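Commentary on secondary and tertiary structure
These are the residues of each chain, in order.
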Amino acid sequence: MSLTDVVEHLICPVCADGVELTGRALRCRRGHAFDVARQGYVSLLVGSRAPGTADSAAMVAARETFLGAGHFAPLAEAVAAACPAGARVVADAGAGTGYYLAEVLDRRPEAVGIALDVSKHAIRRAARAHSRLGAVVADVWRPLPVGDGKADVLVNVFAPRNGPEFARVLADGGTLIVVTPTRRHLHPLVEELGLLSVDEAKERRVAESLGGRFVEAERSLHEFTVSLGHEAVAAVVGMGPSAWHTDPGAMPTKIAKLPKTSEVAASFRMSIFHRRL
Ligand SMILES: C[S@@+](CC[C@H](N)C(=O)[O-])C[C@H]1O[C@@H](n2cnc3c(N)ncnc32)[C@H](O)[C@@H]1O
Ligand SMILES: [Zn+2]
């Protein structure tokens, strides 16, 4: 179980002390204890309910199907390539199924990974994504259960950001890799199926959300075309924001009317930030 590899970097979500793995639980010195689930992940969520933004079981299943088919593999390679060679601890905030983090760990045999996501459905899968990956249920909007300066790299792909916390957990000179979709992402499916589109202010908000704690060192555009059959289209719709808002009954009918395969744009922006010293 790979929580063993990362436990020294985790902290108690109640008192922020370090934690140890004893038996089947993570414990701090003050006696706060968090059970390790049978599937090998731990929930360090405390207090009230998880936010409503957690991916559902169905969304996570759709995401695993879609990413597992390799449609976004060029993006995963780009994220892994952006990870500095000497990195020892790589955290992923909003890691989903752990797909991108696993790719990073494949390329960096000396590194361990911490997958953080508020969806236990996602984290359950992330726990299986790589042998050097520890999977933790945590809310990005709350203090992260990671010690100060413990992460050399923080990955954030299509997920919420918390500038102050990202800055706290990153080591001096650490790297933050943020991937966001551009307006062209999933064109022409967005128009054909009436999916939610990315709003144009998003790009500006990425830098703003990091609140002056980071310097953007590099920005790159990653675009390629994916050929999607009806099942893959259903998966990409089911894993995205439209899954929250569109009428699920109507979608299969719309998808059935598409040509057998659709040529769809995958379009992402990747920004590399360094923490200000
Ligand atoms: C669009 S998915 C991206 C997942 C993964 N990075 C990927 O690209 O495959 C967004 C993820 O953010 C997670 N999420 C949403 N709100 C969150 C929060 N407040 N804290 C942590 N994770 C959150 C969701 O559960 C979901 O797994
Ligand atoms: Zn504690």
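You'll find the structure just up there.
Definitions and limits used
Residues numbered from 1 in each chain as written. Chains lettered and ligands numbered in written order. Predicted model: local features only at pLDDT ≥ 70, side-chain atom pairs only at ≥ 80, totals over all residues. Heavy atoms only, no water. Phe/Tyr/Trp six-rings, centres within 6.5 Å; stacked < 30°, edge-to-face > 60°. Helix = DSSP H or I, 4+ residues; strand = E, 2+ residues; numbered from the N terminus. Buried < 20%, exposed > 50% of the residue type's maximum accessible area, 1.4 Å probe, protein only. Donors = N, O, S within 2.8 Å, 3.2 Å for Na, K, Ca; no water.

Per the stated rule, a full pass over the model turns up six aromatic pairs. Plain terms: the ring middles of Phe214 and Phe273 are 6.4 Å apart, the flat faces sit at 75° to each other, and that makes the pair edge-to-face. Of this pair, Phe214 sits in strand S10 (residues 214–229) while Phe273 is found in strand S11 (residues 261–275), placing the two residues 59 residues apart along the sequence. On the accessibility criterion, Phe273 (3% relative accessible area) is buried. Taken together, the ring pairs connect Phe66, Phe72, Phe158, Phe224 and Phe268 into an aromatic cluster.

Here we come to the coordination of the zinc ion (ligand 2). At the metal site, the zinc ion (ligand 2) is ligated by Cys12 (SG), Cys15 (SG), Cys28 (SG) and His32 (ND1), and these contacts range over 2.1 to 2.3 Å. Each donor residue of the zinc ion (ligand 2) lies on the same chain, and together they follow the pattern C-x2-C-x12-C-x3-H. With a relative accessible area of 7%, Cys28 lands in the buried category. Since its relative accessible area comes to 25%, His32 is described here as partly exposed.

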